[in-house]
Amino acid sequence: MSETLTNIKCPYCELEISTQEELKFHIIDTKYCYIQACKDKAKFNPLWLVENGLLTIKTKEGNKKPFILNSTQKRVLKLIREKIRLGKPIRLWILKARQMGISTLIEAVMFAYTSQKDGVNSCVIADDLKGSNYIFEMQKLFYEDLEEYLKPKIKHSNEKKLAFKTDSQVLVDTAENKSAGHKFTFFGVHLSEVARFPYGIEVIMKGLMQAVPNIAGTFVIGETTANGFNEFHKRWCEAVDGKSEWEALFLPWYEHEEYKMDLLGGEFYPIEGIKFK
């Protein structure tokens, strides 16, 4: 039974309510109060947008749908949340299989913080122009299909920048620009297909890491498919061996549900008589 309390007021309309349970239903049922409560949730915890299907993505078939996390995305977001809980900066290398949705997740996290917090600079650096354009389309779709009451007002938008009147912005660049990410102080950075940066990663990292404060909550996440023995491979091995401040996360294809199929008739395909070379 709900305990009756006195002098409970709705924080948004100041209507007096008898119990906490009634207050909860009042906020849900009253449009103005519900909107204000959602805005408060998003500002206090931007990842609420990511975890509750409030962002929109485009499917492989070209259709739009709410962004619902798959099991691999949930695993990565759990790691990010744990770093935030511990009050640590997030420095993460992700070695992945293709088509797991990791770039989409990182972009969603970046958009959530940049759109809901004031004075947040974020940066995406892709391996080439095609990659940066593809990623920036995600950011634009997140914004265009977001509920109006959660949208910050646009200050400036083009193929290189999505800037809000809250003094927050997402900048997009390519690793073909050796000075990418050197001009601002960033809260978050996404390095996409980092093993394929045309000049390697060291020329970018040297200036970039000076632009990201080493404080709780800031993030630099580099994700990539494998691409041989190069500068990323060296960075990855250092993280695996505990010789850097970075964490290494390996996401193999066989852990992802989209790479799994039920057995036909519940049985393995017969291989007797097949000659393997």
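Per chain, the residues get numbers from 1 upward, laid out in the order the sequence is written. The predicted nature of this model means local features are confined to residues of pLDDT at least 70 and side-chain atom pairs, given and counted, to a pLDDT of 80 or more, with totals for whole chains, interfaces and linings taken over all residues. Side-chain metrics rest on all non-hydrogen atoms present in the structure, leaving aside hydrogens and water.

## As for the nonpolar core
Take the buried Ala, Val, Leu, Ile, Met, Phe, Trp, Tyr and Cys residues and link them wherever side-chain atoms come within 4.5 Å; each set so joined is a nonpolar core. Accessibility here uses a 1.4 Å probe with only protein chains present; expressed as a share of the type maximum, an area under 20% marks a residue as buried, one over 50% as exposed, and anything in between as partly exposed. Within the largest apolar cluster, 47 residues are counted, with the highest numbers of intra-cluster contacts made by Val-50, Leu-55 and Ile-94. Secondary structure is summarised from DSSP: a helix means a run of H or I of at least four residues, a strand means a run of E of at least two, and numbering begins at the N terminus for each. Counting residues per element, this core draws most heavily on helix H5 (residues 102–116), which supplies 9 residues. Filtering out sequence-adjacent residues up to four positions away, Ile-94 remains in contact with Val-76, Ile-102, Ile-106, Ile-221, Gly-222, Glu-223, Thr-224, Trp-236, Leu-249 and Leu-251. In this structure, Ile-125, Ala-180, Ala-211 and Val-220 belong to the second largest nonpolar core, which totals 24 residues. Whether two residues are in contact is decided by their heavy atoms: any pair within 4.5 Å suffices.

## What about the side chain of Thr-72?
Note on placement: Thr-72 falls in helix H4 (residues 71–85). If sequence neighbours within four positions are ignored, Thr-72 has contacts with Met-100, Ile-102, Leu-251, Glu-255, His-256 and Glu-257.

## Notes on helix H1 (residues 20–29)
The set of residues buried in H1 consists of Leu-23, His-26 and Ile-27. Projected onto a plane normal to the axis of H1, the buried residues spread over an arc of 95° and lie on a single side. Tucked inside the fold, the buried residues of H1 contact strand S1 (8–9), strand S2 (16–17) and helix H2 (31–44). This arc is taken over the directions from the axis of the helix to the C-beta atoms.

## Quick notes on the pairing of strand S6 (residues 121–126)
S6 sits mainly inside the fold: 6 of its 6 residues count as buried. What you see with S6 is no split at all: Asn-121, Cys-123 and Ile-125 on one side and Ser-122, Val-124 and Ala-126 on the other are buried throughout. Two strands qualify as a pair provided that DSSP identifies no fewer than 2 bridges between them. In this sheet, strand S9 (residues 169–174) lies alongside S6 in parallel orientation, the contact comprising 6 bridges. Within S9, the residue paired with Ser-122 across the bridge is Val-170.

## Comments concerning the pattern of salt bridges
The rule for a salt bridge is simple: a side-chain nitrogen of Lys or Arg has to be within 4 Å of a carboxyl oxygen of Asp or Glu. Taken as a whole, this structure holds 12 salt bridges when the rule is applied. For Lys-64, the salt bridge identified is with Asp-145, shortest N-O distance 3.1 Å. You can see Lys-64 sitting in strand S4 (residues 64–66) and its partner Asp-145 sitting in the loop between helix H6 (129–144) and strand S7 (154–157), a full 81 residues away along the chain. Measuring nitrogen to oxygen at the nearest pair gives 2.9 Å for the salt bridge that ties Glu-202 to Arg-235. You can see Glu-202 sitting in helix H7 (residues 202–208) and its partner Arg-235 sitting in helix H8 (residues 231–240), a full 33 residues away along the chain.

## Things to note about the environment of Trp-246
Structurally, the position occupied by Trp-246 is in the loop between H8 and strand S12 (247–251). Along the sequence, Trp-246 and Leu-208 sit 38 residues apart, while their C-alpha atoms lie 15 Å from each other. The residues contacting Trp-246, other than those within four sequence positions of it, are Arg-91, Leu-92, Trp-93, Met-205, Met-209, Val-220, Arg-235 and Ala-239.

## Focus on empty space enclosed by the protein
Here a cavity denotes grid points, spaced 1 Å and computed from the protein atoms alone, that fit a 1.4 Å probe unable to get out, and a pocket denotes an open set having protein on both sides within 12 Å along at least 5 of 7 lines; residues with an atom within 4 Å of a point are the lining. Grid points are joined across faces, edges and corners, and a volume is the space filled by probe spheres set on the points. Considering all chains together, one arrives at 1 cavity of 30 Å³ or more under this definition. Reported here for the largest cavity is a volume of approximately 40 Å³. Forming the boundary of the largest cavity are Ile-80, Ile-84, Ile-90, Val-109, Tyr-113, Phe-187, Gly-217, Phe-219 and Ile-221. Among the elements of the structure, H4, H5 and strand S11 (219–224) are those that each provide at least two residues to the lining of the largest cavity.

## Comments concerning unusual backbone geometry
You will see that Gln-99, though not glycine, has its phi angle at about 60°, which is positive. Relative to the helices and strands, Gln-99 resides in the loop between strand S5 (90–96) and H5. Even without being glycine, Glu-193 reaches a positive phi, approximately 50°. Mapped onto the secondary structure, Glu-193 falls in the loop between strand S10 (188–192) and H7. Residue Glu-193 is classed as buried on the basis of its relative accessible area, which comes to 14%.

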